[in-house]
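Listed here are the chains, written in short residue letters.
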Amino acid sequence: MEPIIKVIEVKSVLTKSNLPVSDYSINPYVGCTHACKYCYASFMKRFTNHSEEWGAFLDVKYWPEIRKPKKYAGKELFFGSVTDPYNPQEETYKRTRSLLEQLKGVGLN
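Criteria and thresholds
- Residues numbered from 1 in each chain as written.
- Predicted model: local features only at pLDDT ≥ 70, side-chain atom pairs only at ≥ 80, totals over all residues.
- Heavy atoms only, no water.
- Helix = DSSP H or I, 4+ residues; strand = E, 2+ residues; numbered from the N terminus.
- Buried < 20%, exposed > 50% of the residue type's maximum accessible area, 1.4 Å probe, protein only.
- Pairing = 2+ DSSP bridges.
- Axes fitted to C-alpha atoms, helices over the stretch in contact; angles between N-to-C directions.

## Quick notes on the environment of Asn 18
Consideration 1: With respect to the helices and strands, the residue Asn 18 is situated in the loop between β2 (14–16) and β3 (24–26).
Consideration 2: For Asn 18, a relative accessible area of 79% translates into the label exposed.
Consideration 3: On a C-alpha basis, the gap between Asn 18 and Phe 47 in space is 18 Å, while along the polypeptide they are 29 residues apart.

## Regarding the sheet that holds β3
Consideration 1: With mixed pairing, the three strands of this open sheet are ordered in space as β2-β3-β6. For this open sheet the edge positions go to β2 and β6 (77–79), each flanked by a neighbour on one side alone. With strand direction ignored, the average angle separating the axes of adjacent strands in the sheet is 30°.
Consideration 2: With three bridges joining them, β2 and β3 adopt antiparallel strand pairing. Directly across from Leu 14, in β3, lies its bridge partner Ile 26.

All quantities given are derived from atomic positions and should not be read as evidence of function.
Next comes the structure, spelled out in structure tokens:
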């Protein structure tokens, strides 16, 4: 069965993090298409409004271009805190790559 893939618009892909390991969490996608047996992020399904099983859907996030990327200089970013930022669909949608290009040269930790 093919996964359900939707494109969604979000205000920002950078979320202020409460995790001790980073200043911001970045999740360019919601869900995944492979449902790893030991996935720690499957609890996120309850926040997605999806009826499909975890691993059967992927929401592809699109956000406005980051206006002041230098404000993230010296900050620690956690890519994929609750999704796989390099899931197979990254080859098509390039959302993680897009963000890395927007932040290129900023001086992230």
